[in-house]
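Notes for the structure review
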Number of protein chains: 2
Amino acid sequence: MRIDQLDTPALLIDSGAFDHNLATMSAALPGSRLRPHVKAHKCTALAHRQAAAGHIGFTCATIREVEGMAAAGLGEDLLLANEVVDATRLGRVKGRVTVAVDSENTIDAAAKGGVKEVVIDVNVGMPRCGCAPDQAVVLADRARARGLIVRGVMGYEGHAASLDDRSQREQLTAMAMGLLTKAHADVGGDLITAGATGTYDINTWASEIQAGSYILMDTAYAKLGLPFRQALSVLATVISVSSFGYAVANCGLKALGMDHGKPDIAGATVIKVSDEHVTFIPEQPVAVGDRINVLPAHVDPTIAYHERMHLVGEGEVLESWAVDLRGW
Amino acid sequence: MRIDQLDTPALLIDSGAFDHNLATMSAALPGSRLRPHVKAHKCTALAHRQAAAGHIGFTCATIREVEGMAAAGLGEDLLLANEVVDATRLGRVKGRVTVAVDSENTIDAAAKGGVKEVVIDVNVGMPRCGCAPDQAVVLADRARARGLIVRGVMGYEGHAASLDDRSQREQLTAMAMGLLTKAHADVGGDLITAGATGTYDINTWASEIQAGSYILMDTAYAKLGLPFRQALSVLATVISVSSFGYAVANCGLKALGMDHGKPDIAGATVIKVSDEHVTFIPEQPVAVGDRINVLPAHVDPTIAYHERMHLVGEGEVLESWAVDLRGW
């Protein structure tokens, strides 16, 4: 099928950029040095490509992601990098499942649910989950007392990973990983799991990096000057052209994650996004029926709106992949 | 099933508020005076409730919504209030389908696709679709020349509908409807279709109002002082409590439309939303495992992330409805 036969809006992955991103990351962080985060793409077909590139272990953010990855034959080493208060569904997954814990309740939930392995989630500076660094050993002891295997520690330097300035990213990452390696010394285990696309080549303390966005990228991450290319766009159709100088395409709030702001359109200024529309001022005239590429500001919540992604190259749809890990 | 047995995050509809909203709107705009917009809820089960309250005609924003409504037996009078450049799928729908047109291309697409009826979409002040008011009659003539029935005019005063100040809403609505009624005098037809929840009792020029949000509401519309109650919330579970004073629940960017800003949590201040988390400072202590209600800022893009909505009352799940009109 040719790209111009797709109904719009449609999520496109540029195969050249995709291959470049896959190869660049695999060269920098080969094999188990990378634990790709599937929350960015929610797509087992894409995860199979990452596995084929040598990354066998994966990071998940939801129970549904863990279940879906295992069902797709990718359950060799799944880390749910998130806390759950009911691990019953996790305990039923056919595969190796490790879950993050940061409290007595979440440890007890893991044990009760039949999960066998955990990592101690340590807060390293971002206001989200994770225990205080000096509490990690207390929780590890409790987990072991409950019969759980403690594989190590986890800490997410998300407050560093999104900073545009590399020296600031380096500084905050070093501080965060100072806390995490200290906790690891107390806790033990093989894993120091941390990191993100924005710190993939900065975080040398972690035993594995949980990057996800690198494979598709978005306009927010594009500002960091990383060697990964924008692979993801939303193909849209111009449905209206105004005599006031603006045009409207059929790609709106239900096709785009908006928490990082408006999307970009090459050669145009985006002025408004509504439920099913993007209004933009093109530098050169456009006509009703023209197709444009809309670049999302944030990849993860964009993809979660779509049923499918299309891998494309040279005008052709090469493969169509289900976004099969949506929901919870 | 009791509410506390639901996996989280889960979309809840308070049945008391829902019934109030349905009755209040039906009293204000009975029968065909309201053409409920299904884009707000994307749920045929909910639309059946609106039909049972007397509203037989519906407004849609996407072809998928039109197809799904007809397939659910709600195809008596469906208006696609949006432009399409390929109406082939619309022409195949078993039901009465009317589509908005604002250009020669979209008129030709309607005729070619086998759609029989159109409304002329007129720009009444918001930078989106719609022809210039004085071009409406030219387009109506062309549509009739192509064998299409022109049912009237459409104009969306969206720039007025979201203003907090009622007198400003009234002023801009009057100006917008001045343009639309003038175009209608030129074009003819039975329909002057316009309006929104924010102007449902202000827009007395339109023959029918396209309100959608009224039935569930959100925190953005709550600021307008309308007689509709917040019926929609996202049920979430506290998964982490920090010694720094904040807590984290499992309701993030993939469970919330964020274009109108952060959600609200009663008795708490929301400080951060990430992919699967909301971090908040509670006024009273919360514990891991507690359940909280998160109120979205914008109903439409929130619902589009969810597979199901649950109608709840007195601690019980009364009905579970599929969000079956998602996608395109």
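No experiment lies behind these values; they were computed from the predicted model shown.

1. Points about the overall build of chain A
Per the secondary structure count, chain A includes 10 helices and 16 strands. For chain A, whose C-alpha radius of gyration is 21 Å, the value lies close to the compact-globule estimate of 20 Å for 328 residues. Taken along its principal axes, the extent of the C-alpha atoms in chain A is 70 × 40 × 35 Å. Expressed as a percentage of its 328 residues, the buried residues of chain A come to 60%.

2. Points about the sheet that holds strand β5 (residues 117–121) of chain A
Residue and element names in this part refer to chain A. Read across the open sheet, the seven strands follow the order β2-β3-β4-β5-β6-β7-β8; overall the sheet is parallel. With partners counted over all chains shown, the strands left at the sheet margins are β2 (57–60) and β8 (208–209), one partner each. Bridge count between strand β3 (residues 77–80) and strand β4 (residues 97–101): three bridges; the pairing is parallel. Bridging from a neighbouring strand, Leu78 pairs with Val97 of β4.

3. Some thoughts on the interface of chain A and chain B
Counting residues at the interface gives 54 residues for chain A, matched by 54 residues for chain B. Regarding the contact of chain A and chain B, the summed buried area is about 4300 Å², with carbon and sulfur atoms giving 58% of it. A per-residue breakdown of the area chain A buries against chain B is headed by Arg128(A), Tyr305(A) and Trp328(A), which together make up 17% of the total. Across the pair Lys42(A) and Glu276(B) runs a salt bridge, and its minimum N-O distance is 4.0 Å. Counting across the interface, chain A meets chain B through 25 residue pairs in polar contact (both at pLDDT 80 or more).

4. Describing the packing of helix α5 (residues 104–113) of chain A against helix α6 (residues 136–145) of chain A
Residues and elements named next belong to chain A. Put simply, α5 and α6 touch, their axes get as near as 10 Å, and they point 25 degrees apart. If you check the angle between α5 and α6, you find them roughly parallel. As for how α5 packs across α6, the hand of that crossing is right-handed. Facing Glu104, Ile107 and Asp108 of α5, the residues of α6 in contact are Leu139, Arg142 and Ala143. Partitioned by chemical class, the residues of the contact of α5 with α6 number three nonpolar, no polar and three charged.

5. Considerations on the environment of His306(A)
Position of His306(A) relative to the elements: it lies in the loop between α10 (299–303) and β15 (308–313). By relative accessible area, His306(A) is classed as buried at 2%. His306(A) sits 53 residues away from Leu253(A) along the chain, and the two C-alpha atoms are 12 Å apart. Leave out the neighbours within four places in its chain, and His306(A) touches Leu11(A), Val234(A), Ala255(A), Val323(A), Arg326(A) and Trp328(B).

6. Description of the sheet that holds strand β7 (residues 191–194) of chain B
All names here are of chain B. If you trace the seven strands from one edge of the open sheet to the other, you get β2-β3-β4-β5-β6-β7-β8, paired in parallel fashion. The open sheet has two edge strands with one neighbour each: β2 (58–60) and β8 (208–209). Relative to strand β5 (residues 117–121), strand β4 (residues 97–101) runs parallel, the two being bridged by four bridges. Residue pairing for β5: Thr98 is matched across the bridge by Glu117. Where helix α3 (residues 63–71) meets the sheet, it contacts β2, β3 (78–80) and β4, and its direction lies at approximately 170 degrees from that of β3.

7. So, the environment of His20(A)
All names here are of chain A. You can see His20 is positioned in helix α1 (residues 15–28). Each C-alpha atom of the pair His20 and Pro227 lies 9.2 Å from the other, and the pair is 207 residues apart in sequence. Look past the residues within four positions of His20 in its chain and what remains in contact with it is Pro227 and Arg229. A polar contact is formed between the side chain of His20 and the backbone oxygen of Pro227, at a distance of 2.7 Å.

8. Examining the domain arrangement of chain A
Residue and element names in this part refer to chain A. When the domains of chain A are assigned, the result is domain 1 (3–11 + 228–322) and domain 2 (17–216). A separation of 32 Å is found between the C-alpha centroids of domain 1 and domain 2. Residue-level contacts link 14 residues of domain 1 with 20 residues of domain 2. Each partner contributes to the roughly 1500 Å² buried at the junction of domain 1 and domain 2, and carbon and sulfur atoms together form 67% of this total. Considering only the surface of domain 1 that becomes buried against domain 2, Phe228, Arg229 and Trp321 emerge as the three largest contributors, covering 46% of it. At the junction of domain 1 with domain 2, the criterion picks out two salt bridges. A salt bridge links Asp300 to Lys39, with the shortest nitrogen-to-oxygen separation between them at 3.3 Å. Linking domain 1 with domain 2 are six residue pairs in polar contact (both at pLDDT 80 or more), by the criterion used here. Among the elements of the structure, α10, β15 and β16 (316–322) are those that each provide at least two residues to the side of domain 1 that touches domain 2. Residues that form the side of domain 1 that touches domain 2 fall into these classes: 10 nonpolar, one polar and three charged.

9. Notes on the relation of the copies chain A and chain B
When chain A is fitted to chain B, the residual RMSD is 0.0 Å, and the transformation amounts to a turn of 180 degrees plus an axial shift of 0.0 Å. On this basis, the relationship between the two copies can be described by a two-fold rotation axis. Comparing contact sets, 100% of the residues at the interface of chain A also lie at the interface in chain B, consistent with an isologous, same-surface contact.

10. Overview of the packing of aromatic side chains
All names here are of chain B. Tallied over the full model, the rule gives nine aromatic pairs over all chains. Centroid distance Phe244 to Tyr246: 6.2 Å. Interplanar angle 25 degrees. Geometry classified as stacked. Judged by relative accessible area, which is 8%, Tyr246 ranks as buried.

11. Digging into the pattern of salt bridges
Under the criterion given, the structure shown has 44 salt bridges over all chains. It is possible to trace a salt-bridge network through shared partners that takes in Arg35(A), Asp77(A), Arg96(A), Glu117(A), Arg151(A) and Glu208(A).

12. What about unusual backbone geometry?
All names here are of chain A. The step from Thr8 to Pro9 runs through a cis peptide bond, and the omega angle for that step is 0 degrees. Along the chain, Pro9 turns up in the segment before β1 (10–14). With phi around 65 degrees, Met217 is a residue other than glycine that occupies positive phi space. Judged by relative accessible area, which is 2%, Met217 ranks as buried.

13. Re helix α8 (residues 166–187) of chain B
Residue and element names in this part refer to chain B. Taking 1.5 Å as the rise per residue, α8 with 22 residues should run 32 Å; its terminal C-alpha atoms sit 30 Å apart, in good agreement. Along α8, the residues classified as buried are Arg169, Thr173, Ala176, Met177, Leu180, Ala183, His184 and Val187. Looking straight down α8, one finds its buried side chains confined to an arc of 115 degrees; they lie on one side. Facing away from the buried side of α8 by more than 90 degrees, the exposed set consists of Gln171, Met175, Lys182 and Ala185. In this structure, the buried residues of α8 make contact with β5, α6 (136–145), β6 (149–155), α7 (158–161) and β7. Where α8 terminates, the next one or two residues include Gly188, which has phi positive at roughly 80 degrees.

The rules behind these values
Residues numbered from 1 in each chain as written. Chains lettered and ligands numbered in written order. Predicted model: local features only at pLDDT ≥ 70, side-chain atom pairs only at ≥ 80, totals over all residues. Heavy atoms only, no water. Helix = DSSP H or I, 4+ residues; strand = E, 2+ residues; numbered from the N terminus. Rg over C-alpha atoms; globule rule 2.2 N^0.38 Å. Buried < 20%, exposed > 50% of the residue type's maximum accessible area, 1.4 Å probe, protein only. Pairing = 2+ DSSP bridges. Contact = heavy atoms within 4.5 Å. Buried area = accessible area lost by both parts, 1.4 Å probe. Salt bridge = Lys/Arg side-chain N within 4 Å of Asp/Glu carboxyl O. Polar contact = N/O pair within 3.5 Å; in protein donor to acceptor, adjacent residues only side chain to side chain. Axes fitted to C-alpha atoms, helices over the stretch in contact; angles between N-to-C directions. Parallel < 35°, antiparallel > 145°, perpendicular 65-115°, else oblique. Left-handed = near helix turned anticlockwise from the far one by under 90°. Nonpolar A, V, L, I, M, F, W, Y, C, P; charged D, E, K, R; others polar. Domains from an automatic or database assignment. Least-squares fit on C-alpha atoms with pLDDT ≥ 70 in both. Phe/Tyr/Trp six-rings, centres within 6.5 Å; stacked < 30°, edge-to-face > 60°. Expected span 1.5 Å × (residues − 1). Arc of directions from axis to C-beta.

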